[in-house]
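# A closer look at the structure
Now for the letters of each chain:
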Amino acid sequence: MKFTLKDYQEDAVKGVLTNLRKAAKRWHEDGDRHAFSLTATTGAGKTVMAAAVFEALFHGDDNFDFEPDPGAVVIWFSDDPALNAQSQFRLREASDRLTLSDLVIVQNTFNREKLEAGKVYFLNTQKLSKSSLLVRGHEMDGRQTVMPDMRAFTIWDTIQNTIEDPHLTLYLVLDEAHRGMKASSGNGSGEKPTIVKRLINGAGSVPGIPIVLGISATVERFNTAMADMHSRATLPNVVVDSAKVQTSGLLKDTIILDVPNEVGQFDTVLVRRGTDKLKEITAAWGEYAKQQDDADTVAPLMVLQVPNSPDHGEIGRALDTIYERWPELANDAVAHVFGDHKTQTFGSYSIPYISPERVQESTWVRVLIAKDAISTGWDCPRAEVMVSFRPAKDRTHITQLLGRMVRTPLARRIPGNERLNAVDCLLPFFDTQSVKDVAKALMSGGDGGEELPGRRVLINPDEMKPNPTIPEVVWDKLLSLPSQSLPKRQAKPVKRLTSLAHELAADGLLPGAGKKAHADMHKVLNGAQERYKTEIENARKAVLTVEGKSLKTDLKTQEMSFNDFLEAADFAVIDDAYRRAGRAISPDLATSYSEALAMAKGDQGDLEAALIEARVTVAALGLVPEVKGYLEAEAESLANQWLTEYRVQIKSLSDERQEVYRQIREMSVHPLDVDLAKPASWMQPTTIREADGTEKQLPRFEHHLLCGADGMFPEDFNSWEEEVLSAELKRPDTIAWYRNPSRASQDSLGVTYEEDGDVRILRPDFIIFAKLPDGSIVADIIDPHGTQFSDSIPKLRGLAQYAATYGETFRRIDAVAKVGDGFRVLDLKESSVRSAIDSATSIKALYGGDVAGEYVL
């Protein structure tokens, strides 16, 4: 793979491969057919995951403990040839093992007896329709057509022959599995099965494809699509956690919707505003590139979404507005993606066509005119502004297209800069009431799935920037506070160490780090050979011998007896054991250690024998569970040592490089603390709509670390949270405060806690900064803590544990709750309070008991 898979992608690929292995085994042994789905929200990288699956299917993958299927053939099916072309392009972009010849777009001239193993064939609905040359000559719905000259097989013959070949395994991947599944009505003959259902269930002499993998945005869509399956079992669906996708940084955190506050014709006004936004975001990306010493900068794009029957004159007037507002915009900076694929005239402008998959790389395109042709499967992370001329009744088209615009341009979150982590949508034909449905849909990615935790959809927000009245020492204090991150359930310490070594060497921080890491791990394995000498010797015997039983039957008496036998292992058996050990201790380390052992023991004449002997040793090490635990503990220790030792140098690197180290830091069951990033830009709502439809201004507060142009910070609190904040701001030594973001961003302080065996993360509400008489700055965590939630006690325990570990960093760590008409506080820096929390069974009893004190407003 050209890309490193995110944790959630790796888990999903493993789940898909596990299902494919089961399905293939049951097909070849029992003839059973199976189906399941890979379900993930828009922007999760489903094509990248598919690329990793195909690589493992065709070539095997030790990381996933997956042997290749030598007879694997894949049909990738969608209802749109343009979507197939995009999918082929993105698979090639993601994989370094799938060549162009492995990814075959089936054309009308295609003519094969069987599909070829090791290839992905792209088919679409049109290619299998009755009018297609590929199906001429195949009997369909009782009618026989004439096969074209020079053709020996219809596409249905090819599919049937492939299914019936015992040496091949045909897999069907349905891209957007819910599309094209409805049956169409015949002329009085009832409902005819769709082409997709023919592929799944079979028709006539053509059996159903053995294994079906549906790729869809929601489980419900796949289940609906599969409702009419015949004689096919289902395997557990592989469902990607939406929260992990949002947390990964692949998706933008904030969607900004701009709508008019009054009734009227505002399309020109909002086109002008959209152009201003495009200019501003272009300048912001340019400034960011300059800060990072990066010669390449993001070239953001604005999409003009028009109705399916657009008014060309209206589009021309919109282009006039854009060029009037931004005269420096190049004359050739506009393109369209209309279905007729030819140059269009809009007013005085001749605008060329561009295929959707080329838009991202064609940075000369800064304004793209589109209908809905790019709402499915389109991928253009640099599309950051959209002005839609669609009316409110077309909100589905709007949410689908905007759902394609949520990928982050650099495939990572920009630390502390919500402006660069946002996408703007301007809707001139909506109002603040009708836009609510759009906002609700976008909270689930625009595809009807579950809500994405951490995503915000804001209507007409204001931008907050660092408050110029806040002293720099306060910012220094904020950035010094320890923040925790979620542990990884299936961490790979050796992989983490070698990844860290590679990056340290690449950045020139530790030359030769890779060799140093392997040398240290070789010493650990040498020590393991002494520490677990007896266990390893027994394991060596197991590697070098093959145990079995022979069955002896007396033909006269019909009596049977079993005799044990032992045979010396051959090279194939040793190599298999060695490869399994490599999966346990990491393939790269297994290779380098066996080579080191061979070089130490053998001269040039018997190096091959020494290498086989070394592989036996490595295979034996892999059979002793204690060796893996010992090795991983030492690898974790060394990685943490290097991360600590080079922490300051890493902080001086670019954001892109720091993000790499942040991910490595978090690749652990016991992750190190992460540094907070200084926020540079937040987007905040300024109004709230009441139940009667009226707009109400949010309360605004002074002394926040970020503020609007008026020096104030708007926030929507519940009544008693606002009372707590007001009490803190009244204290004479308070000089600043920070509304800790609830989203998973690098400018948010996180505290881990455990609930029902899972480790989760909470984000305390307020950080208060005070100036002591000696001039020093102290920080307080003040967390208004609701008592009505089931997770109240687990969260308190997590905050108490944080206080026990980092209490000296803070002046106060207080959990405040409203009890009756008053307020009570738990001082988490007190050990007696933490002990009471640890043994508590009732949150109300905690705040009502002696360990809590009165919180004075």
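Data block above holds the structure.
This section reports on the structure supplied with the text. Bear in mind that the values here come from a model prediction, so they are computed numbers and not experimental data.

## Some thoughts on the overall build of the chain
The helix and strand tally for the chain stands at 25 helices and 38 strands. Looking at the chain residue by residue over its 857 residues, the buried ones come to 53%. Put simply, 72% of the contacts in the chain that link residues at least 6 apart link residues at least 24 apart.

## With respect to the pattern of salt bridges
Pairing is possible between side chains that carry opposite charge, provided their charged atoms lie close to one another. The full count for this structure, using the stated rule, is 43 salt bridges. Measuring nitrogen to oxygen at the nearest pair gives 3.9 Å for the salt bridge that ties arginine 579 to glutamate 67. Pair noted here: arginine 579 is in helix 16 (residues 571-585) and glutamate 67 is in the loop between helix 2 (46-59) and strand 2 (72-78), with a separation of 512 residues, a long-range link. Classification of arginine 579 by relative accessible area gives partly exposed; the value is 30%. Here arginine 112 ties to glutamate 116 by a salt bridge, and the two come within 4.0 Å at their closest N and O atoms. Accessibility expressed as a relative area gives 34% for arginine 112, which makes it partly exposed. Residue classification places glutamate 116 among the partly exposed positions, given a relative accessible area of 34%.

## Let's talk about the packing of helix 17 (residues 587-601) against helix 18 (residues 607-622)
The description of two packed helices rests on the angle between their axes and on the distance between the axes. The N-to-C vectors of helix 17 and helix 18 enclose an angle of 130°; their axes lie 8 Å apart at closest approach. Taken together, the axis directions place helix 17 and helix 18 in an arrangement best described as oblique. Note that helix 17 runs across helix 18; the crossing there is right-handed. Between helix 17 and helix 18, the contacting residues are Ala590, Tyr593, Ser594, Glu595, Leu597, Ala598 and Met599 on the first element and Leu607, Ala610, Leu611, Ala614, Arg615, Thr617, Val618 and Leu621 on the second. Of the residues contributing to the contact of helix 17 with helix 18, the split by class is eleven nonpolar, two polar and two charged.

## A closer look at the sheet that holds strand 34 (residues 766-771)
Here we have six strands laid out as an open sheet, ordered 31-34-35-36-37-38, and mixed in their pairing. Whereas interior strands pair on both sides, the edge strands pair on one side only; in this sheet they are strand 31 (734-739) and strand 38 (853-854). As judged from the five bridges shared by strand 35 (residues 777-784) and strand 36 (residues 812-819), these two strands associate in the parallel manner. In the sheet register, proline 784 faces strand 36, and the bridge partner there is valine 816. Contacts from helix 12 (residues 472-480) reach strand 31, strand 34 and strand 35 within the one sheet, and its direction differs from that of strand 35 by about 60°.

## Details of helix 18
Across its 16 residues, helix 18 extends 22 Å between first and last C-alpha, which sits within 8% of the 22 Å expected from 1.5 Å per residue. The set of residues buried in helix 18 consists of Ala610, Ala614, Val616, Thr617, Val618, Ala619, Ala620 and Leu621.

## Some thoughts on the pairing of strand 14 (residues 301-305)
Buried residues dominate strand 14, accounting for five of its five residues. Side chains of strand 14 alternate between two faces, with Leu301, Val303 and Gln305 and Met302 and Leu304 buried alike. The pairing of strand 14 with strand 19 (residues 383-388) spans five bridges and is parallel. Note on strand 19: the bridge partner recorded for valine 303 is methionine 386. Taken together, the four bridges between strand 14 and strand 18 (residues 367-370) define a ladder with parallel strand orientation. Across the sheet, residue methionine 302 finds its bridge partner in strand 18, namely valine 367.

## Some thoughts on the side chain of glutamine 292
Its place among the elements puts glutamine 292 in the loop between helix 8 (267-291) and strand 14. Residue glutamine 292 is classed as buried on the basis of its relative accessible area of 17%. Beyond its immediate sequence surroundings of up to four residues, glutamine 292 is in contact with Ser654, Asp655 and Glu656.

## What about the sheet that holds strand 22 (residues 462-466)?
Think of a sheet as strands paired side by side through backbone hydrogen bonds, with each pair either parallel or antiparallel. An order of 25-22-29 is seen for the three strands of this open sheet, with the pairing classed as antiparallel. One side of each edge strand has no neighbouring strand; the edge strands of this open sheet are strand 25 (682-684) and strand 29 (706-707). Relative to strand 25, strand 22 is paired through three bridges, and the arrangement is antiparallel. Paired with aspartate 462 across the two strands is glutamine 684, which belongs to strand 25.

## Things to note about the packing of helix 14 (residues 513-531) against helix 17
It is the contact of helix 14 with helix 17, at a shortest axis distance of 10 Å, that shows an interaxial angle of 70°. When the axis of helix 14 is compared with that of helix 17, the two are roughly perpendicular. Of the residues in helix 17, those in contact with His518, Met521, His522, Leu525, Asn526 and Gln529 of helix 14 are Asp588, Leu589, Ser592, Tyr593, Ala596 and Leu597. Of the residues belonging to the contact of helix 14 with helix 17, the class tally is six nonpolar, five polar and one charged.

Conventions we followed
Residues numbered from 1 in each chain as written. Predicted model: local features only at pLDDT ≥ 70, side-chain atom pairs only at ≥ 80, totals over all residues. Heavy atoms only, no water. Helix = DSSP H or I, 4+ residues; strand = E, 2+ residues; numbered from the N terminus. Buried < 20%, exposed > 50% of the residue type's maximum accessible area, 1.4 Å probe, protein only. Contact = heavy atoms within 4.5 Å. Salt bridge = Lys/Arg side-chain N within 4 Å of Asp/Glu carboxyl O. Axes fitted to C-alpha atoms, helices over the stretch in contact; angles between N-to-C directions. Parallel < 35°, antiparallel > 145°, perpendicular 65-115°, else oblique. Left-handed = near helix turned anticlockwise from the far one by under 90°. Nonpolar A, V, L, I, M, F, W, Y, C, P; charged D, E, K, R; others polar. Pairing = 2+ DSSP bridges. Expected span 1.5 Å × (residues − 1).

These figures capture arrangement, not role.
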